[in-house]
Amino acid sequence: MSSVVLKNVVKQFGSVAAVDNLSIEIQDKEFAVLVGSSGCGKTTALRMIAGLETVSSGQIYIGDTLVNDLAPKDRDIAMVFQNYALYPHMNVRDNMGFGLKIRQLTKEEIDTRVEEAADILGIRDLLDRKPKELSGGQRQRVAVGRAIVRKPKVFLFDEPLSNLDAKLRVAMRAEISKLHRRLEATIIYVTHDQVEAMTMADRIFIMNKGVLQQTGVPLEVYAHPVNRFVAGFIGSPGMNFIDVTLIVENGVMFIDAGDFRLKVPQAFRADLEAYVGRPVVLGVRPEDIAAHDPATSPGGDGNVLKACADVVETLGSELFVYLTSGTHSLVARMAVPERLLQVGQALEVILKLSKIHIFDKETSRTIV
Amino acid sequence: MQNKKVLSNVLFYVMVVAIALIVLFPFLWMLSSSFKTQVDIISWPPKFFFAPTLQNYQKVFGEQDFLKYFMNSTIIGVFSVGLSLLLGLPAAYTIARFTQTRLAVFILLARLMPGISFLMPWYIVFSRLNLMDSYVALILSHMLIALPIVVWIMSTYFATIPREMEESAMVDGATRQYAFLKIILPLSGPGIITATTLSFIFSWNNFMFSQVLSMEKTKTLPIAVYNFVSYAEVDWGGVMAAAVAIMAPAIVLTMIFQKYVVKGLTMGAVKG
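Residues numbered from 1 in each chain as written. Chains lettered and ligands numbered in written order. Predicted model: local features only at pLDDT ≥ 70, side-chain atom pairs only at ≥ 80, totals over all residues. Heavy atoms only, no water.

**Some thoughts on the overall build of chain A**
The condition that has to hold: Working definition: helices are DSSP H or I runs of at least four residues, strands are E runs of at least two. Numbering for both runs from the N terminus. The contact criterion used is simple: two residues touch if any of their non-hydrogen atoms lie within 4.5 Å. Shrake-Rupley sampling with a 1.4 Å probe provides the accessible areas, and residues are treated as covered by the protein chains on show and by no other component. When charges are counted, neither His nor the chain ends are considered; positive counts come from Lys and Arg and negative counts from Asp and Glu. Taken as the charge centre is NZ of Lys, CZ of Arg, CG of Asp or CD of Glu, depending on the residue.
Looking only at helices and strands, chain A has nine helices and 20 strands in total. Contacts in chain A between residues at least 24 apart in sequence constitute 65% of all its contacts with a sequence separation of at least 6. When the accessible surface of chain A is split by element, carbon and sulfur atoms take 49% of a total near 16,300 Å². Positive and negative charge centroids in chain A, built from 43 and 45 side chains respectively, lie 4 Å apart.

If you want it as structure tokens, here you go:
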């Protein structure tokens, strides 16, 4: 096992920088997830670590070795591809043993290691089948198996679950996490699915347009996004954003959205003072919007909105309620009430002001 | 409804038969003439019913040294195709993977130029090198046709194989060359068979290059047919019988390999 370090790595495709000055340090045995929307450079970064793409500038270290000029075969890595890339003319056993055969291990040793890996993944009975005789989930396991028999320094996963159906994806997610603990391996995992990133990662690396936005453990990134992009990308449904201005009246600071006003909590005032009168963006997570019942919760400290429920999505354990308040649209995530919300129903919602985020509209950076 | 379907079926088969007749008529004419006497062949109106004779075939295989020409054609065909595969497969792979379009167009250009324009320089070069009437000269000249066929068929074929195939092998520890040999080539069977069959048939049927560059020693089958044409007369029966004998291997080859050509081997490689 090994650490992976990228120092100021750049990848140019013509005049476009697919990866722009990327510096990351992945610890030994860490499960690192590179996440971002398509075209953000995450796969290119992974391919550069694998050696399948050249580095325009910067350095990549695996362990203590500078690998910029090493061929993929000399980097001691294993990669699981999005489309699995199983060799169609070989059965599962030969597919998994291919890398070991190149390294000239004995037949017995190859068999032992292949069967060991097959046992871990529960594909022992598939060893003599050809890839075309396998289901999507089974092919996925074989692809993972082909990686783990090699016992490489680093595992690279390139969106390995995106071709699976939703249910299988959830199951494989847990399995890969389990596998990580069992192998104590360094894993770099690329995905566009923030749920995968949140659930599997030790640390998340969020990228956008080739630039690393934020690094951190999943909950920290969720609670303290550094900018509007990260705030919107992580979390489902996404954070609500409303263009607002900050105003001060009679010594009290308000967030003015036109249709409604919210009182700024005292704790945020110092940070926001400089932005009074300037356009900022209010960010509220769906779970920080709750139905307001005047009878049970007094609230009313300048944080109650009148709204109308446009769409109600019932997930069983919770509701996603799409609201309109004046000219603003919001999504709220609520517990299932005893009496279900009706579409078109007017209701009052309460914002948890201590959990709001304010972003600078020009730079998109988080202010509070 | 039922009638309409029957009608469209009938129409379909009428058209199929019509097209088949047009395509097959020269072949059938050749086949029937090869069993006719010279008198029957040139009689007017054409005779569709006649007493078949084997004398033309006896002439082809008896009086002419047909086996020798057969061997010559085979040697030249096998070596020109073999060498073309040896050079063309890696070239096609490079064109497909590293998008060498200019190189590809350059190779196609050699194919598009009329073959006859090469003949004069070749004649001079090969005579000076004392290579006239040698296998080397004929194999090289036939490669002018075989190599572009291999490169063009195979570069499009390689392009259909997902890149991840060899990338995966390279991450697994293979060099690109090893991945090409062990992963890409075994997946390219249908493409290689198509390219081989087509280029072999082109070489087998080639008349012009062989006519100029070969003499008695390396004479190929299509030239041997010409033996039946003399100043005074054309032995049509002999020409037809020889032509049938030449076509037979090409037809058999095509019939054997057409099912491989159609079969897709990459199924199951990637999701889909």
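There's more to say after this.
**Re the overall build of chain B**
Cut-off, in case you're wondering: A radius of gyration in this sense is built from C-alpha atoms; the matching globule rule multiplies 2.2 Å by the number of residues raised to 0.38.
Secondary structure summary: chain B contains 13 helices and zero strands in total. In sequence order, chain B lays out its α and β elements as α-α-α-α-α-α-α-α-α-α-α-α-α. Computed over its C-alpha atoms, the radius of gyration of chain B comes to 23 Å, more than 25% above the 19 Å expected for a compact globule of 272 residues. Seen through its C-alpha atoms, chain B measures out along the principal axes to roughly 75 × 70 × 30 Å. Within chain B, residue pairs in contact and separated by at least 24 positions form 75% of the contacts whose partners lie at least 6 positions apart.

**With respect to the interface of chain A and chain B**
For the record, the criterion: Buried area: the accessible surface (1.4 Å probe) lost by two parts on joining, summed over both. Salt bridges, as used here, are contacts in which a Lys or Arg side-chain nitrogen is within 4 Å of a carboxyl oxygen on Asp or Glu. When residues are grouped by polarity, Ala, Val, Leu, Ile, Met, Phe, Trp, Tyr, Cys and Pro land in nonpolar, Asp, Glu, Lys and Arg in charged, and all others, Gly among them, in polar.
In this complex, chain A contributes 25 residues to the contact, which on the side of chain B involves 24 residues. Carbon and sulfur atoms supply 64% of the area buried between chain A and chain B, which totals about 2,200 Å² over both sides. For the pair chain A and chain B, the number of links is two salt bridges. Here A:Arg150 ties to B:Asp172 by a salt bridge, and the two come within 3.0 Å at their closest N and O atoms. Mapped onto the side of chain A that touches chain B, the elements with two or more residues apiece are strand 6 (77-80), helix 2 (92-102) and helix 4 (136-148) of chain A. Class assignment for the residues of the side of chain A that touches chain B results in 14 nonpolar, four polar and seven charged.

**Quick word on empty space enclosed by the protein**
Definition in use: Within this scheme a cavity is a closed region of a 1 Å grid, computed over the protein atoms alone, that accommodates a 1.4 Å probe without allowing it to escape, whereas a pocket is open but has protein on both sides within 12 Å along at least five of seven lines; lining residues each have an atom within 4 Å of a point. Grid points are joined across faces, edges and corners, and a volume is the space filled by probe spheres set on the points.
On inspection of all chains with the given rule, the structure shows one cavity of 30 Å³ or more. Of the voids in this model, the largest cavity is the one considered here, and its volume is about 40 Å³. Around the largest cavity, the lining residues are A:Ala78, A:Met79, A:Ala143, A:Arg146, A:Ala147, B:Ser168, B:Val171 and B:Asp172. At the level of secondary structure, the elements contributing two or more residues to the lining of the largest cavity comprise strand 6 and helix 4 of chain A together with helix 8 (164-171) of chain B. Top contributing element to the lining of the largest cavity by residue count: helix 4 of chain A, with three residues.

**Some words on the sheet that holds strand 17 (residues 318-325) of chain A**
Residue and element names in this part refer to chain A. This is how the line gets drawn: Should DSSP find at least two bridges between two strands, the strands are regarded as paired. Each axis is a line fitted through C-alpha atoms, and for a helix only the stretch in contact is used; angles between axes span 0 to 180 degrees, taken between their N-to-C directions.
The antiparallel open sheet is built from five strands, whose spatial order is 15-19-16-17-18. Sheet topology places strand 15 (289-291) and strand 18 (328-335) at the edges, where each strand pairs with a single neighbour. Averaged over all pairs of adjacent strands, the angle between strand axes in this sheet comes to 45°, irrespective of strand direction. In this structure, strand 17 lies alongside strand 18, joined through eight bridges in antiparallel fashion. If you follow phenylalanine 320 over to strand 18, its bridge partner there is arginine 333.

**Here's the deal with unusual backbone geometry**
All names here are of chain A. Residue proline 237 is reached from serine 236 by a cis peptide bond, and omega for that bond is -5°. Position of proline 237 among the secondary structure elements: in the loop between helix 8 (228-233) and strand 11 (240-249). Residue asparagine 21 is not a glycine yet carries a positive backbone phi of 55°. Inspection of the secondary structure assignment puts asparagine 21 in strand 2 (residues 16-26). Notably, lysine 29 is not glycine yet its phi reads approximately 70°, a positive angle.

**So, the packing of aromatic side chains**
So the rule is basically this: Aromatic contacts are taken between Phe, Tyr and Trp rings whose centres are within 6.5 Å, Trp giving its six-membered ring; a plane angle under 30 degrees counts as stacked, one over 60 as edge-to-face, and the others as tilted. Working rule: Lys NZ or Arg CZ, within 6 Å of ring centre, within 35 degrees of ring normal, means a charge sits over the ring.
For the structure on display, the rule yields 17 aromatic pairs over all chains. Note on B:Phe12 and B:Tyr13: the rings are 5.1 Å apart at their centroids and 80° apart in plane angle, and the pair reads as edge-to-face. The structure contains a cluster of three or more aromatic residues connected by ring pairs, namely A:Phe31, A:Phe157 and A:Tyr189. One cation-aromatic arrangement involves A:Arg146 over A:Tyr87; the distance from NZ or CZ to the ring centre is 4.5 Å. Taking NZ or CZ as reference, B:Lys217 lies 5.9 Å from the ring centre of B:Tyr135, over its face.

**Remarks on the sheet that holds strand 2 of chain A**
Residues and elements named next belong to chain A. The strand order across the open sheet formed by four strands is 2-1-4-5, and the pairing between neighbours is antiparallel. Because the sheet does not close on itself, it has two edges, and the strands there are strand 2 and strand 5 (65-66). On top of the sheet, helix 1 (residues 42-50) reaches strand 1 (4-13), strand 2 and strand 4 (57-62); it is set at about 115° to strand 1, its chief contact.

**Some remarks on the packing of helix 4 (residues 66-97) of chain B against helix 9 (residues 176-187) of chain B**
Any two packed helices are characterised by how steeply their axes cross, that is the angle between the axes, and by the distance between the axes. Residue and element names in this part refer to chain B. Quick note on the threshold: Oblique is the label for any angle not covered by the other classes, which are roughly parallel (under 35 degrees), roughly antiparallel (over 145) and roughly perpendicular (65 to 115).
Following both chains from N to C, one finds helix 4 and helix 9 inclined at 100°, their axes separated by 12 Å at the closest point. Classified by the angle between their axes, helix 4 and helix 9 sit roughly perpendicular to one another. On the side of helix 4, the interface is formed by Leu89, Pro90, Tyr93 and Arg97, while helix 9 contributes Arg176, Phe180, Ile184 and Leu185. Here the contact of helix 4 with helix 9 is built from residues that sort into six nonpolar, no polar and two charged.

**Re the pairing of strand 7 (residues 154-158) of chain A**
All names here are of chain A. Heads up, the rule is: Each residue gets one of three labels from its accessible area relative to the maximum for its type: buried under 20%, exposed over 50%, partly exposed in between, using a 1.4 Å probe on protein chains only. Seen with its strands pointing away from the viewer, a crossover is right-handed if its path from the first strand over the helix to the second goes clockwise.
The element strand 7 is extensively covered by neighbouring structure, given that five of its five residues are classed as buried. With burial as the criterion, each face of strand 7 is covered, one bearing Val154, Leu156 and Asp158 and the other bearing Phe155 and Phe157. For strand 6 and strand 7, the ladder comprises four bridges, and the chain directions are parallel. Residue pairing for strand 7: alanine 78 is matched across the bridge by phenylalanine 155. Of the pairings in the sheet, the one linking strand 7 to strand 8 (residues 186-191) comprises five bridges and is parallel in character. The partner of aspartate 158 across the bridge, within strand 8, is valine 190. The handedness of the strand 7 to strand 8 crossover, carried by helix 5 (residues 166-183), is right-handed.

**What to know about helix 10 (residues 189-205) of chain B**
To keep things clear, this is the line we draw: The span you would expect from a helix comes to 1.5 Å times its residue count less one.
Taking 1.5 Å of rise per residue, 17 residues should cover 24 Å, and helix 10 of chain B covers 24 Å from first to last C-alpha, within 8% of that figure. For helix 10 of chain B, every residue scored as buried is listed here: B:Pro190, B:Gly191, B:Ile192, B:Thr194, B:Ala195, B:Thr197, B:Ser199, B:Phe200, B:Ile201, B:Ser203 and B:Trp204.

**Focus: the environment of A:Gln82**
Residue and element names in this part refer to chain A. Test applied: N or O atoms within 3.5 Å of each other form a polar contact, as long as, within protein, one can give a hydrogen and the other can take it, and as long as residues adjacent in sequence are counted only when both atoms are side-chain atoms.
Positionally, glutamine 82 belongs in the loop between strand 6 and helix 2. Apart from residues no more than four positions distant in its own chain, glutamine 82 is found in contact with Asp158, Glu159, Ser162 and Asn163. Among the polar contacts made by the side chain of glutamine 82, one reaches the side chain of serine 162 at a distance of 2.9 Å.

**What to know about the pattern of salt bridges**
Where charged atoms of side chains with opposite charge meet at close range, the side chains can pair. Residue and element names in this part refer to chain A. The tally for this structure, following the rule as stated, stands at 25 salt bridges over all chains. The salt bridge partner of glutamate 348 is lysine 306, with a shortest N-O separation of 3.0 Å. Here glutamate 348, found in strand 19 (residues 346-351), pairs with lysine 306, found in strand 16 (residues 304-314); they are 42 residues apart in sequence, far enough to count as distant. By relative accessible area, which is 24% here, glutamate 348 ends up partly exposed. We classify lysine 306 as exposed; its relative accessible area is 63%.

Interpretation note: all reported values are geometric properties and have no functional meaning in isolation.
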